[in-house]
Each structure stands twice: as structure tokens, then as C-alpha cells.
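Architecture and fold: a report
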Amino acid sequence: MSCHKKSYITTPIYYVNDIAHIGHAYTTIIADTLARYSRLSGLDTFFLTGTDEHGQKIEEAAKTRNKSTKAYADEISDTFRNLWDDFDISYDKFIRTTDDEHIKGVQKAFSTMYANGDIYKDTYKGHYCISCETFFPLTQLVDDEFCPECGKSTSVVEEDSYFFKLSNYQDRLLQYYEDHPNFILPKSKRNEVIRFVEGGLMDLSITRTSFDWGVKLPEEMNEPKHVMYVWLDALMNYITALGYGTDDAKMDYWSARVQLIGKDILRFHAIYWPAFLMSLGLPLPTHIAAHGWWTRDGEKMSKSKGNVVNPKEVADAYGLDNFRYFMLREVPFGGDGDFSQKALIDRINSDLGNDLGNLLNRVIGMSGKYFEGRVDSKDVAKYYQAELDEVHASLEKLEPLLFDMQIHRYLEELWRPLTVANRAIDRYEPWNLMKNGKEDEAMALNGLISAILAKVSIMLYPVMPEVCTKISKALDFTIDNNSWENMAKGTDLLEPFVLTKIDPLFPRIEEPRLAQIEPIDKVVEKPKKEVKKSKEKSNDTEGIAFIGIDQFFQTSLKVGTVVEASEVPKSKKLLLLQVDIGEETPRQVVAGIKEWYSAEDMLNTQVCVVANLKPAKLMGIESQGMLLASKDKDGLCMIRPEKPKTAGTPIG
Ligand code: ME8
């Protein structure tokens, strides 16, 4: 292939505080799909993944397991790499932030930003959440203590620190977002970032002195006590992997085409990272694409919550390609998805089995019965031009959908040609064509169906490489840049060939294959303290934690009427409500519902209020109750009485 255009695709580098779950697999599988598509379409592609190994969180995780930090990091980093190898992830480099070249590159970046006047020394005083490796001002803490992101207790930090002049970049960043409307995908996330930056950027503390598991400052700084802030260190991996600061060997791959992340780390990638790059005088990536959460029973799956699903177990039980298809098809990119075996089985039986697998069986049956397996496409256009046009029109729409991160729509659109094919068999009835002596038409139908299967499997290959390779073998063609160019993008059909019979690709699944999806804790031993805590919680039968009726009645639930509603200034999530619950004065409730309800929507509506919760502060505002609501993949809705009730009426 003569095209040398470069394409660089990255995943986040994952923390080695615990092993991978399906959230990590999701990010990596999307990135792998993009990388495979890139290569198929003839781009010179470099795909990077790896592990993030410095910082206080890792140091503490190692300590609780009585291991040296490096030995612990080595062990967990290997589990990530082994999983990606098991999953045949087509990465070109697996970077570790403990690699020498990376460390040198980060130091070079620090020196360059310092020389450019973007770094100065001062004292940092504030709160730090170790779990999120993030500094928070007091005003953002819950109850003056707890992290607004993960709810864990923060610690007060006062130490000498170097700062990066992030505040200097506010205007340039806003200008950049405006000039590059597709920089942050999906678009809804872009608005969030813009609002945040408009709210004002504070300079960023980028070194720490209270621990030492990190990259040291460049020698010329003569500051042996300081180590780099883990996010500065980590973000630089995207360029140090290309040789930044050492041999620059692959820097011509920069800038990246797509940097894939989860929405938890959008701020770091859409604000800090571009500002660092501007300071270094390097171009910015084309897209920062942030996907949503995989949840379990509505809660974000996370290593620290211990509610995670082991991707290997799922892939072993249901097939790796099926699992890949499910993840990418089930959830619109950017939205959240609850993981369920039922949804996975439905996708396999329906989309894959009924639509795709069955079509292959039909063409195997048809060509076997009437033509001893032979397929010839010479008359396809003569008899089935309308069907071909429909198929090509669908295929043409695909590529922009993929790089716009509308992967579920890509797959949806890719299924249309399969519908055309299945419909053509039903409509033209090959058995009748044969009975009526229309052998040419029947053979052309064979050619049409085979061509559709070939075209679909080329475009599906990046998502389901193994299955599509099997289909291509049965249809005697190769999936590569040539067939992509000529058959998937172009209108070529298959050369005459003899179909090879293969076993059904998607045998029907009647029952869930995993009795219960094991929490991943079973695989890696948890620190003793946490195991005990989770045991204490579960005096349960089959996963349900029962409570007594008295315990239930300890919660005071009341119907309330919202009598005032406004937005909490500078908050993306919070509304401030005054709720009448039949007391002398209304209760002030700060509710995290602004993504789904405006203040106007809430005014004069009824809600269900937990009335005896200890008051808590959210963004410095006291909240004296909590509203009942329910959230699934389509969003959040309030729980309300079916008919109007007097404010203060008890629920129970
Ligand atoms: O944040 N659903 O590492 P991390 C979907 N080291 N994706 C999920 C997920 C879930 N429930 N949980 C995690 C870090 N992810 C830093 C990154 S990059 C310079 C440094 C995925 O191990 C998602 O991609 O906490 C998320 O952004 C990433 O794992 C966080 O991984």
C-alpha cells in the first residue's frame, strides 16, 4: 500500500492498583477496533496502550499487600499486558511509566515547560484525594472533607510545590475548542469542558514532596525531594512512547488521531493535556473521545467498589468476538451501560445468530444444493442492481460514523445490507427460481448474498476479527486493504469460487453460561481489611442483602413539594431546591439532577424525600435531605407519588 498517512490511536494507561475489568476492556477494544480499521484502510497506524505506575495510590496499594512498589507494579502491569495478548489486542507498543525512556521524556518536558516560563515554585495548601490523584479546593469538598468525585476522605496537604501556569491557557483553550468543534467527542461532553474552563482555571500543582514513588525532577533543578505529579507524568506517555525527549524515533506519528478515554478522566485530557502540549509547542490531538461507564446494577463498575466483572471470564464463556460486538453495539458511545448476561445473549442470538450466521448458512445451503458449492457473480448486476445499490448506499455511510465515535450506529448501519440479503432470499425464493428453470437468476442470487456477506465482513472485521476471517475463508477471499478498497468502499463483487462449508458461527445460547459473574476480587487477593468489610455487609441470600422491617422504618420518607428551584452556580450537576415537607420552613435540598432536570422542570412538582439524613454540604451549600430517583442507561427520573399528596405525607 502506498499511502503513508499516519494514524496514532491511544488508550489511557491504566493504574496498576488492581487488575483489569470490563471497563478497561471496553476502552481497549474500542481503540483496537479503530486501530484495525485504520490499518485496513491503508493508514500507517500506531496503537499505544500501557500502565500508569507512579503516585501515592500505587505506593499504598503495594504497601497493603506487603510488596515492594516496583515488584507490585511489575506484577499488575503484566496482568494487563497478558489480558490484552489473550484478547489479541493489536497494540504496537505497551508503555510503562517506569520505563527509562518515559522517565527521561517526562523530565525533558518539565525542563522545556520551565524554560518557557510556564512553571514556578510556591507552596501548595489544600486537599488531596489519593484515590483520584486530584487536588480539590475546600469549596468543592462534600462536608468539608470528602472527595466530590469518589466520596472518599481527602487529606490536607501543605508542601512546597512547583506549579504549572494553567491559568495562562484559559483563553487559548477556549479558542481551540471553538475552532475545533470535533476536538472533544461526543459533543455533549465538549460543552461540559467549555463550561468548566469558562469558570476559571487555577494553576496546577505539578510536584509533590511527601512521598517519592514518582519521576524525579530534572537534575538541573537540584530539587531531590520533589517528584512529579502523577498526572503530568502519565499524560506525557502519549509522546514519550514515540521517543519524545530521547530519540524522537516515532514523533512523526504525533499528533494523535484519536485518544480514547473514559469520561472520568476527561478534564485531564481535554484541559491539562492540551495546555501542556501548547506549552511544549506541540500540536494537539484530533479527537479526545470520552465514553461512558459500564455499571453493575446501576453503579459504576470500579476496582475500588469491588463490583467489577472479569472480562476474561465473559469472553471465555461467550466468545471474544461476540463480547466485542456486544460492548460496541449495546451502548451508544458516551452513554452508560449496565452489564447483563441476558442482553449479551440476546445480541448473540439475534443480531449475530439470526441475521449474520443464518445468512451464511443459507448461502452455504443454497449453493450446495443447487450448484455443488459454486458461486458466480457475473449476473448479479443484471438481476439485482436495486439490492446492490441499497447495499452500497449503506456501506458508504459507515466510515464517518466510526471516527465520529458513533460506533453503535456504525454497526446498526452495517446490519442493513444483511437485511437486504435476507429479504432478497425471501422475496426471490431460489427454490422456485430453480423449479422454474431460472438457474442464472438463482446463481446470481447466490452471488449477491455472498458479495453482501463479504462486504459486511470486511467492515465488521475491525470489531470481530476472528469471526470475519472465518467468513472470508468460507467465501475464498482475503480481508485486506485491497478488498477494503475494492469491495467495501468500491462496488466489486467476488471472483467465481467454491464455497467451503463451515460450522455454524453462532450456535444458539439458551441459558446464561456463567452461573454468577464472579466479582474480580476472587482473582486478585484484596487487602485483609476490605475483605472483612464486604463480608460484614453480606448477611445475604443469593446476593440480596436483607434488612429487618425496623431497619427500613428507621428511614423517614416523605412526600414533598418543590416550592423554589434554582441552579447552583458553577456546578454542572447540582440544583438547589426548597422542598415543603409539611414542616414550618421548607427543607433546602441540593440535588445532583441538573443533567436531567432544569430548575423550571422541578418547580411545583412533587418528590419523595429522605427526611432524616444527616445534613451534608455539597459545594459549600448545606443539603437537608435527599430525593428518590432512579437511573438506568436512558438517564435519571424522579420517583414521585402517582397522585398529588399533601406535603409531608409519610411514605412506607
Ligand atoms: O484513570 N466503565 O487509570 P484507571 C467504562 N491511570 N470504562 C471504565 C470503567 C467503567 N466502569 N472503569 C474504568 C486512570 N474504565 C489513569 C489514566 S491516562 C494518561 C492515565 C476505563 O486504571 C476508562 O477508560 O483508573 C477510564 O478512563 C479508565 O479505565 C481509567 O483507568
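We now turn to the structure provided with this report. (Residues numbered from 1 in each chain as written. Predicted model: local features only at pLDDT ≥ 70, side-chain atom pairs only at ≥ 80, totals over all residues. Heavy atoms only, no water.)

Quick look at the overall build of the protein
In terms of regular secondary structure, the protein is built from 23 helices and 27 strands. Scaling as 2.2 N^0.38, a compact globule of 652 residues should have a C-alpha radius of gyration of about 26 Å, and the protein matches this with 28 Å. Its C-alpha atoms give the protein principal-axis dimensions of roughly 85 × 70 × 50 Å. Within the protein, buried positions represent 54% of all 652 residues. (Helix = DSSP H or I, 4+ residues; strand = E, 2+ residues; numbered from the N terminus. Rg over C-alpha atoms; globule rule 2.2 N^0.38 Å. Buried < 20%, exposed > 50% of the residue type's maximum accessible area, 1.4 Å probe, protein only.)

What to know about the pairing of strand E20 (residues 587-591)
For E20, a buried count of four out of five residues is recorded, marking the element as mostly surrounded by other parts of the structure. Taken together, the five bridges between strand E19 (residues 575-580) and E20 define a ladder with antiparallel strand orientation. Counted as the bridge partner of Leu 575 is Ala 591 from E20. Connecting E19 to the antiparallel partner E20 that follows it, the hairpin turn spans six residues, and Gly 582 within it adopts a positive phi of roughly 80°. (Pairing = 2+ DSSP bridges.)

Points about the state of the cysteines
All told, the structure shown has zero disulfides when counted by the stated rule. Cys 150 supplies the cysteine sulfur nearest to Cys 129, a cysteine that is in no disulfide, at a spacing of 3.7 Å. (Disulfide = S-S within 2.5 Å.)

What about the environment of Ala 315?
One can find Ala 315 in helix H10 (residues 311-318). On a C-alpha basis, the gap between Ala 315 and Ser 167 in space is 46 Å, while along the polypeptide they are 148 residues apart. Excluding anything up to four places from it in sequence, Ala 315 contacts Phe 87, Leu 320 and Phe 323. (Contact = heavy atoms within 4.5 Å.)

Quick word on the site of the ligand
Close contacts around the ligand come from 26 residues, with Thr 27, Asp 52, Asp 264, Trp 294 and Met 301 the closest. Interatomic distance of 2.8 Å between a backbone N/O atom of Met 301 and a nitrogen atom of the ligand. For the ligand, whose free accessible area comes to 680 Å², the fraction covered by protein is 96%. For the shell around the ligand, the secondary-structure elements that each account for two or more residues are strand E1 (6-15), helix H1 (22-40), helix H7 (230-235), helix H8 (237-240) and strand E11 (258-262). Per-element accounting of the shell around the ligand gives the leading share, four residues, to E1. The residue inventory of the shell around the ligand, partitioned by class, reads 13 nonpolar, nine polar and four charged. (Near = heavy atom within 4 Å. Polar contact = N/O pair within 3.5 Å; in protein donor to acceptor, adjacent residues only side chain to side chain. Areas by Shrake-Rupley, 256 points an atom, 1.4 Å probe, with all protein chains shown as cover. Nonpolar A, V, L, I, M, F, W, Y, C, P; charged D, E, K, R; others polar.)

Let's talk about the pattern of salt bridges
Under the definition given, this model contains 27 salt bridges. Among the ionic pairs, Lys 121 bridges to Glu 223, the shortest N-O distance being 2.6 Å. Within this pair, whereas Lys 121 is found in strand E4 (residues 119-129), its partner Glu 223 is found in the loop between strand E9 (207-208) and strand E10 (227-228), the two being separated by 102 residues in sequence. By relative accessible area, Glu 223 is classed as buried at 16%. Residues Glu 390 and Arg 423 are paired through a salt bridge, measuring 3.0 Å at the closest nitrogen-oxygen approach. Of this pair, Glu 390 sits in helix H13 (residues 380-396) while Arg 423 sits in helix H16 (residues 416-428), and the two are 33 residues apart along the sequence. A relative accessible area of 37% places Glu 390 in the partly exposed class. Of the residues examined, Arg 423 reaches a relative accessible area of 32% and is grouped as partly exposed. Three or more residues are tied together by salt bridges with common partners; here these are Asp 32, Arg 36, Asp 88 and Arg 324. (Salt bridge = Lys/Arg side-chain N within 4 Å of Asp/Glu carboxyl O.)

Some details on the packing of aromatic side chains
Considering all chains together, one arrives at 33 aromatic pairs under this definition. Here the aromatic rings of Trp 254 and Trp 273 are separated by 5.8 Å at their centres, their planes lie at 70°, and the arrangement is edge-to-face. One end of the pair, Trp 254, is in the loop between H8 and E11; the other, Trp 273, is in helix H9 (residues 266-280), with 19 residues separating them in the sequence. Grouping residues by exposure puts Trp 254 and Trp 273 together as buried. Geometrically, the ring pair formed by Trp 294 and Phe 339 is edge-to-face, given 6.2 Å between the ring centres and 65° between the ring planes. Of the two residues, Trp 294 is situated in strand E13 (residues 294-296) and Phe 339 in the loop between strand E15 (337-338) and helix H12 (341-371); the sequence distance between them amounts to 45 residues. Take Trp 294: its relative accessible area is 4%, and that puts it in the buried class. (Phe/Tyr/Trp six-rings, centres within 6.5 Å; stacked < 30°, edge-to-face > 60°.)

Details of the packing of helix H15 (residues 407-414) against helix H18 (residues 439-460)
Where H15 meets H18, the axes come as close as 11 Å, and the angle between the chain directions of the two elements is 170°. The pairing of H15 with H18 is recorded here as roughly antiparallel in orientation. Mapping the contact onto sequence places Tyr 410, Leu 411 and Leu 414 in H15 and Val 456, Met 459 and Leu 460 in H18. Of the residues in the contact of H15 with H18, the class split is six nonpolar, no polar and no charged. (Axes fitted to C-alpha atoms, helices over the stretch in contact; angles between N-to-C directions. Parallel < 35°, antiparallel > 145°, perpendicular 65-115°, else oblique.)

Structural notes on the sheet that holds strand E5 (residues 134-136)
An order of E5-E4-E6-E8 is seen for the four strands of this open sheet, with the pairing classed as antiparallel. If you trace the sheet from one side to the other, it starts and ends with E5 and strand E8 (204-205), each paired once.

Notes on a positive patch on the surface
A cluster of basic residues, Arg 195, Lys 572, Lys 573 and Lys 631, forms a positive patch at the surface. Among the secondary structure elements, Arg 195 is positioned in helix H6 (residues 187-198). (Patch = residues over 30% accessible without salt bridge, like charges linked within 9 Å, V, L, I, M, F, W, Y side chains within 5 Å. Lys, Arg positive; Asp, Glu negative; His and termini not counted. Charge placed at Lys NZ, Arg CZ, Asp CG, Glu CD.)

Some words on the side chain of Ser 483
Locating Ser 483 in the fold gives a position in helix H20 (residues 481-489). What makes Ser 483 buried here is its relative accessible area of 8%. Leave out the neighbours within four places in its chain, and Ser 483 touches Ile 458, Phe 477, Thr 478 and Ala 488.

Overview of the sheet that holds E11
The strands making up a sheet are joined through hydrogen bonds of the backbone, oriented either antiparallel or parallel. Pairing within the open sheet is parallel, and its six strands lie in the order E3-E2-E1-E11-E12-E7. Single-partner strands in this sheet number two, and they are strand E3 (93-96) and strand E7 (184-185). Sheet analysis places E1 next to strand E2 (residues 44-52), joined by eight bridges and oriented parallel. Note that in E2 the partner of Thr 10 across the bridge is Leu 48.

A few points about the packing of H16 against H18
The contact between H16 and H18 brings their axes to 9 Å, and the two run at 165°. Relative to H18, the element H16 is oriented roughly antiparallel. In this structure, the crossing between H16 and H18 has a hand that is left-handed. Side by side, H16 and H18 meet where Pro 417, Leu 418, Val 420, Ala 421, Ala 424, Ile 425 and Tyr 428 of the first sit next to Leu 445, Leu 448, Ile 449, Ile 452, Leu 453 and Val 456 of the second. (Left-handed = near helix turned anticlockwise from the far one by under 90°.)

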